[in-house]
Amino acid sequence: MRLDPRPGQKVAGAFPERPWLAIFTFVRAATCRRRTLGRAPPPVGPLLPLGRDSMAQAGALRFETRSHPPLRALPPVPVYLTRFVGRERELEQLGRLLTSCRLLTLTGPGGSGKTRLAVELVARVPESADVVWIDLAPITASTLLPQYLAGSVGLREDRGHAAEDSLIEFFREREAVVVLDNCEHLIDACAKLVATLLHGCPRLRVVATSREPLGITGEQSWLVPPLSLPDGQQPSRAAGSEAMQLFVERAQAVSPAFAVTDDTAEAVADICRRLDGLPLAIELAAARVRVLTPAQIAHRLEDSFELLEGSRTAVPRQRTLGATIDWSYTLLADRDRSLLRRLAVFACGLSLDAVEAVCGFAPIERQDVLPTLSALVDKSMVVSEARGDSVRYRLLETVRQYLLERLREVGEEPTVRERHAAYFLALAESSARPMFGGAGDEELVARLSQEHANFRVAAEWFGGDPGRADDALRMAAALHWFWFAGGHFREGRATLTAALKQSATADPQLRARALTALGHVALWQGDHAAVTSAMNEAVSLLLQSPDRYTRAYAMAGLGAALSREESHDEALAILEEAVRIARSLELGVLLPFTLYWLGLAAEAHGRLNQAQASFEEANRHARALGHKPSIAHSLHVLGRLERRRGNPESAIQHLAESLSVHQQTNDRWGLLKAMEELARVAVDVGRGQSAVELISAADELREGLGVGMPETDRIEMQRLMESLRITMGQPVFDAAVQAGRTLTVERLLEDLQECSSGPGVASQLRVFALGPVQIVSDGAILGSEVWRSVRSRELLLFLACHPEGATREQIGVTFWPEASAAKVRNNVNVTVHRLRQALGHPDWIVLDDDRYVLARGVLTEFDVHTFEREVAAGLRDLRAGLGPGRLDAALCLYRGDFLESESAGDWHLEIRYRLQRVYLEACVALGDWWLDQGNNPEAAVRYRRAIARDPIHEKAYRRLMTCHARLGERAESLRLYQNLSDRLRSELEVEPDPETTSLFERLRTGEVT
């Protein structure tokens, strides 16, 4: 065989007519750096052979294989004039993959660096293997692919012999790596040819670069990730990210003096983040430092495609970012392009539900969205990210900007944006009531936080259309507690203000809700003048409204503002009315919310006992609801009252628990308020340095949230800090201020734990067992990770119910009735030991006169005992004519049945039934009291509570039937009787009592009205 090509033949990158170029190519390739990856190829995998009979047809070109010359420079691997940056971990992983598979496909969107990464990868192939680089971008006809590849490796054409056969013969005995660069426009042809070659050439490996996998058996697909991004840390640390390294490297290529400084670091980091770590986009942006500063580049990225133009030497589709993305976009099918364009209206990640609702209209129906979206993910046009149990999708920002232009070109943007805004308005309004009071539902907050940018875009869409004033108000009002939960006070106020400005002729009820929301945002920011103005207008609009919920909410805000203006009597009257309305509505968090503000007004008026009662009731209601923000805020004000009364130990306990819960819900407003109160406690106990650190930490939070401080509080803090500065001396004071700026809640809670366990401060255990069990030790909620066994927690609950304690034998009979004496002794010892470990206080469980018992004074609160005590007191008040307030508050402690969600032994059943009876009797007693007062709606609420807990409580049914009859709702009364009868027959096989049947007959004949 001949070793030289025929005259005039081009041999894959060598040009005989220009020998100097051939020499340069050979020398360049021979000196390319390589690292050993391992020589022995794996056995042929389960690649299915594709038939070639259809290709061996008359007239087919024949390629004659000649000798086997070295292929190192035939054709050459591309040479880049710039240094490769980062990707070391990726190259190590790819190197391992290439030794374990025979087809490795690098996938990713245009500009993600697939080609450059492939160049670096094959540069590490050992010298013993041949590397063949084939750029497929120049060819467009898929039928020419085999001939193009054969010609690239120097095979001559000949009729009667298929190109695939020539290639198999050529590579059969060679240890070679063939790189097929840019396969996306020839994906089916590439898949067919690669499968054929791999089956026929056992020593061959293929590396492909493509937007999507080839989709053949045995393929290892690997999505090229973006470069690592700066994460907002100090500039010196952020500069270590791969994206910033690449930017600096390319910027210095055009401006050698360029360097990242403290002044430019944030702008460079912003550029990298906004370009999603996309290498091509970063390189094009960095090239602009010759004429623009980093800050100017970041600002101009609003129009990425006009700014990001590359060098003339790049291939046409990579000279601009727009051309790179356009290359991928034009390869899509029409339906894929249509959905992809519509996705551009989403400002951040998106869920499948949102895509189906917003984008699922002709020519893409809702049922077509998922398969089309999946196809776009496969083609690397859409990024999918698994988050917990769900998957979210997103577009690279540069791709999104490109697609917005395409969406405008086809005229669909208004329609898609309208559907987008309508979807997120519905989501905001459906979430508004569950979000009331802050981050009570942490899963909901997490879900809404993922959609924050989409909410913002929807609000801007409504705000940009004067005809959509009502929708702008609805959106802004619905989101204000979401803004509170995330600490976005400035954004919330700006959005509400803008919506109200364009709503002069809007629906008065919608305007009132938005004014109420604006007033509360201003209240959180400490702008009480703005609160009073907004709430006065809101209350006036709501006076005749059937929306009593919003009226009570607005009155709470107005009363809070007036109390700050020292209009105490007026504030108390308004807040008491708000509480009365909230009690009658029974709508969750509104009641503890209004009680909280009533307590603040009473405290401001010097009525500390009234404030204490209001805060305690708010805390009980909040615990009954399991609403963490309300629990934490009421604990904070209870801690403040304890401080004012000279009880720093108790104050610290309340504030520590408040901090712990605020941290769980990420309530930064609550954190800063608790920190400021702890600072006052620290001053009281002579810990000035701790006070300065806490005030400094709270100031940092205030600055980030955009929350002001009421003038009186601001003056107080200024005086306090000045006094501490003089006392401590400037150097120590400055050090404390600096330490406070980096103070974490975790460290603060550790310090409080040490403080609470020190001399003079009693440890504290609080147990809540009505409904979901909650155990609080030294202000911290003990989660499931603390308990090594559920039996140890059950033992704590057993001892809490038996303050006199229990012997080892009594515990054994209760927990292990079938065990031997020796086994019982061992089980008790192990369980007590684990309980002591979980509590963190071995001395809390003591052995006194052969009885295990909780140490005296440790259990400071147990809701079971409190509930029974408060119900008894409330019933006495009711009989004495003192009203239902205390009994109503006691019932809020009953969050559910005793240990209702626990798998406890039979010992707890007697206690559960006893507590159920107490609860039911109290509900009926309250209903009877309201019935005697002639307030049938209030009475009906209490009877329904009893029926919800006991669906066959005949006395409650009879009273409720009477209420509805007095309200003129005889049909409802008769329906209730039928419901009761059906239940009694199906569950107990009995008929209703004669008294109940008699009432039914009188109702049926109209005797009772």
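See the structure printed just above.
In what follows, the accompanying structure is described. Just so we're clear, the structure is a prediction, and the values are computed from it rather than from any experiment.

1. Re the overall build of the protein chain
Next, step 1: If you tally the helices and strands in the protein chain, you get 45 helices and 16 strands.
Next, step 2: For the protein chain, with 1009 residues in total, the buried portion stands at 55%.
Next, step 3: Counting contacts in the protein chain only where the partners sit at least 6 residues apart, residues at least 24 apart contribute 70% of the total.

2. Remarks on the sheet that holds strand 3 (residues 130-135)
Next, step 1: The five strands are arranged 3-5-6-2-7 in an open sheet whose pairing can be described as parallel. The two strands at the open ends of the sheet, each matched to only one other strand, are strand 3 and strand 7 (219-223). Each strand axis lies, on average, 15 degrees off the axis of its neighbour in the sheet, ignoring direction.
Next, step 2: With five bridges connecting them, strand 2 (residues 103-107) and strand 7 associate as parallel partners.

3. Section: the nonpolar core
Next, step 1: Among the nonpolar cores identified, the biggest contains 172 residues, and Phe 247, Leu 340, Leu 343 and Met 475 are the most heavily contacted of them.
Next, step 2: Looking at this core element by element, the count peaks at 11 residues for helix 21 (residues 469-486).
Next, step 3: Membership of the second largest hydrophobic core comes to 74 residues, among which are Leu 878, Phe 898, Val 924 and Leu 960.

4. What to know about the side chain of Arg 766
Next, step 1: On the secondary structure map, Arg 766 appears in strand 10 (residues 765-768).
Next, step 2: Arg 766 gets classed as buried once you look at its relative accessible area, which sits at 5%.
Next, step 3: Looking at Arg 766, its side chain comes within polar contact range of the side chain of Glu 861, at 2.8 Å.
Next, step 4: With near-sequence residues (within four places) excluded, Arg 766 lies in contact with Asn 619, Arg 623, Leu 635, Glu 657, Gln 774, Ile 775, Val 776, Thr 860 and Glu 861.

5. Regarding the packing of helix 27 (residues 590-604) against helix 28 (residues 608-625)
Next, step 1: Contact geometry for helix 27 and helix 28: axes closest at 8 Å, N-to-C directions at 165 degrees. By the angle class used here, helix 27 and helix 28 are roughly antiparallel. Handedness of the helix 27/helix 28 crossing: left-handed. On helix 28, the residues touching Leu 591, Pro 592, Leu 595, Tyr 596, Leu 598, Gly 599, Leu 600, Ala 602 and Glu 603 of helix 27 are Leu 608, Gln 610, Ala 611, Ser 614, Phe 615, Glu 617, Ala 618, His 621, Ala 622 and Leu 625.
Next, step 2: A class-by-class count of the residues in the contact of helix 27 with helix 28 yields 13 nonpolar, four polar and two charged.

6. Details of helix 22 (residues 489-501)
Next, step 1: If you check helix 22, its first and last C-alpha atoms are 18 Å apart, about what 13 residues at 1.5 Å a residue would give, namely 18 Å.
Next, step 2: Taken residue by residue, helix 22 has Phe 489, Gly 492, Leu 496, Ala 499 and Leu 500 as its buried positions. All buried residues of helix 22 fall inside an arc of 105 degrees around its axis, so they share one side.
Next, step 3: Buried residues in helix 22 make contact with helix 21, helix 23 (508-525), helix 31 (668-684) and helix 32 (688-705).

7. Focus on the sheet that holds strand 10
Next, step 1: Strand order in the open sheet formed by four strands is 12-11-10-16, and the pairing between neighbours is mixed. Two strands in the sheet have a free side with no partner beyond their single neighbour: strand 12 (780-781) and strand 16 (859-862).

8. Section: the side chain of Thr 516
Next, step 1: In this fold, Thr 516 is placed in helix 23.
Next, step 2: Once residues lying within four places of it in the same chain are set aside, the contact partners of Thr 516 are Met 535, Ala 538, Leu 542, Thr 550, Tyr 553 and Ala 554.

9. Side note on the packing of aromatic side chains
Next, step 1: A complete count under the given rule lists 29 aromatic pairs for this structure.
Next, step 2: Ring centres of Trp 481 and Phe 484 lie 5.0 Å apart, and the angle between their planes is 70 degrees; on these two criteria the pair is classed as edge-to-face. Separated by three residues within a single helix, Trp 481 and Phe 484 lie in helix 21, roughly one turn from each other. Accessibility assignment for this pair places Trp 481 and Phe 484 in one class, buried.
Next, step 3: Consider the rings of Trp 481 and Trp 524, whose centres lie 4.8 Å apart with planes at 55 degrees: the pair is tilted. With Trp 481 in helix 21 and Trp 524 in helix 23, this pair connects stretches of sequence that are 43 residues apart. An identical accessibility class is assigned to Trp 481 and Trp 524; each is buried.
Next, step 4: Aromatic ring contacts, followed pair by pair, group Phe 436, Trp 481, Phe 484, Phe 489, Trp 524, Tyr 549, Tyr 553, Phe 593, Tyr 596, Trp 597, Phe 615 and Trp 669 into a single cluster.
Next, step 5: Across the ring face of Phe 361, the terminal group of Arg 342 is positioned such that the distance to the ring centre comes to 3.8 Å.
Next, step 6: A cation over a ring is seen here: Arg 433 above Tyr 549, with NZ or CZ 3.6 Å from the ring centre.

10. Concerning helix 33 (residues 711-728)
Next, step 1: Taking 1.5 Å per residue, 18 residues should reach 26 Å; helix 33 reaches 26 Å between its end C-alpha atoms and fits that length.
Next, step 2: Of all the positions in helix 33, only Asp 713, Met 717, Leu 720, Met 721, Leu 724 and Met 728 are classed as buried. Seen end-on, helix 33 carries its buried residues on one side only, within an arc spanning 100 degrees. Every exposed residue of helix 33 that faces more than 90 degrees away from the buried side is listed here: Thr 712, Arg 719 and Ile 726.
Next, step 3: On its buried side, helix 33 packs onto helix 25 (548-564), helix 31, helix 32 and helix 34 (730-741).
Next, step 4: Where helix 33 ends, the next residue or the one after it, Gly 729, has phi of about 90 degrees, a positive value.

11. Considering the pairing of strand 6 (residues 204-210)
A regular strand places its side chains so that they alternate between the two faces of the sheet.
Next, step 1: With respect to burial, strand 6 is a largely interior element, seven of its seven residues being buried.
Next, step 2: Here strand 6 shows two buried faces, one formed by Leu 204, Val 206, Ala 208 and Ser 210 and the other by Arg 205, Val 207 and Thr 209.

12. Overview of unusual backbone geometry
Generally, phi is negative for residues other than glycine and the peptide bonds are trans, each holding for most cases.
Next, step 1: Put simply, Ala 362 and Pro 363 share a cis peptide bond, and its omega is 10 degrees.
Next, step 2: Tracing the sequence through the fold places Pro 363 in the loop between helix 15 (352-359) and helix 16 (366-378).
Next, step 3: A positive phi angle, close to 55 degrees, is found at Asn 666, a residue other than glycine.
Next, step 4: Asn 666 gets classed as partly exposed once you look at its relative accessible area, which sits at 46%.
Next, step 5: The backbone of Leu 899 shows a phi angle near 50 degrees, a positive value even though the residue is not glycine.
Next, step 6: By relative accessible area, which is 0% here, Leu 899 ends up buried.

13. Considering the state of the cysteines
Disulfides are covalent bonds that connect the sulfur atoms of two cysteines.
Next, step 1: The full count for this structure, using the stated rule, is zero disulfides.
Next, step 2: The cysteine Cys 183 is free of any disulfide, with Cys 190 supplying the nearest cysteine sulfur at 3.9 Å.

14. Considerations on the environment of Thr 264
Next, step 1: Relative to the helices and strands, Thr 264 resides in the loop between helix 8 (242-254) and helix 9 (265-274).
Next, step 2: Excluding anything up to four places from it in sequence, Thr 264 contacts Ala 259 and Pro 294.

15. A look at the pattern of salt bridges
Next, step 1: Tallied over the full model, the rule gives 53 salt bridges.
Next, step 2: As a salt-bridge pair, Glu 537 and Arg 511 come within 2.9 Å of each other at their nearest N and O atoms. Taken as a pair, Glu 537 in helix 24 (residues 528-542) and Arg 511 in helix 23 lie far apart in primary sequence, 26 residues in all.
Next, step 3: A relative accessible area of 18% places Arg 511 in the buried class.
Next, step 4: Of the charged contacts in the structure, one is a salt bridge between Arg 513 and Asp 547, with a shortest N-O distance of 3.2 Å. With Arg 513 in helix 23 and Asp 547 in the loop between helix 24 and helix 25, this pair connects stretches of sequence that are 34 residues apart.
Next, step 5: Since its relative accessible area comes to 37%, Arg 513 is described here as partly exposed.
Next, step 6: Bridged by salt links that share partners, the residues Glu 418, Glu 429, Arg 468, Asp 471 and Arg 474 form one connected network.

16. Looking at the environment of Ile 581
Next, step 1: Tracing the backbone shows Ile 581 in helix 26 (residues 568-585).
Next, step 2: Residue classification places Ile 581 among the buried residues on the basis of a relative accessible area of 1%.
Next, step 3: Along the chain, Ile 581 and Arg 551 lie 30 residues apart, while their C-alpha atoms are 8.6 Å from each other.
Next, step 4: What Ile 581 contacts, discounting residues up to four positions off in sequence, is Arg 548, Arg 551, Ala 552 and Met 555.

17. Quick word on the pairing of strand 14 (residues 845-848)
Next, step 1: Here four bridges tie strand 14 to strand 15 (residues 851-854), and the two strands are oriented antiparallel to one another. Within strand 15, the residue paired with Asp 848 across the bridge is Arg 851.
Next, step 2: Linkage of strand 14 to strand 15, two consecutive antiparallel strands, is achieved through a turn of two residues, within which Asp 849 is found at a positive phi near 55 degrees.

What counts, and at which threshold
- Residues numbered from 1 in each chain as written.
- Predicted model: local features only at pLDDT ≥ 70, side-chain atom pairs only at ≥ 80, totals over all residues.
- Heavy atoms only, no water.
- Helix = DSSP H or I, 4+ residues; strand = E, 2+ residues; numbered from the N terminus.
- Buried < 20%, exposed > 50% of the residue type's maximum accessible area, 1.4 Å probe, protein only.
- Contact = heavy atoms within 4.5 Å.
- Pairing = 2+ DSSP bridges.
- Axes fitted to C-alpha atoms, helices over the stretch in contact; angles between N-to-C directions.
- Core = buried A, V, L, I, M, F, W, Y, C linked by side-chain atoms within 4.5 Å.
- Polar contact = N/O pair within 3.5 Å; in protein donor to acceptor, adjacent residues only side chain to side chain.
- Parallel < 35°, antiparallel > 145°, perpendicular 65-115°, else oblique.
- Left-handed = near helix turned anticlockwise from the far one by under 90°.
- Nonpolar A, V, L, I, M, F, W, Y, C, P; charged D, E, K, R; others polar.
- Expected span 1.5 Å × (residues − 1).
- Arc of directions from axis to C-beta.
- Phe/Tyr/Trp six-rings, centres within 6.5 Å; stacked < 30°, edge-to-face > 60°.
- Lys NZ or Arg CZ within 6 Å of the ring centre and 35° of its normal.
- Disulfide = S-S within 2.5 Å.
- Salt bridge = Lys/Arg side-chain N within 4 Å of Asp/Glu carboxyl O.

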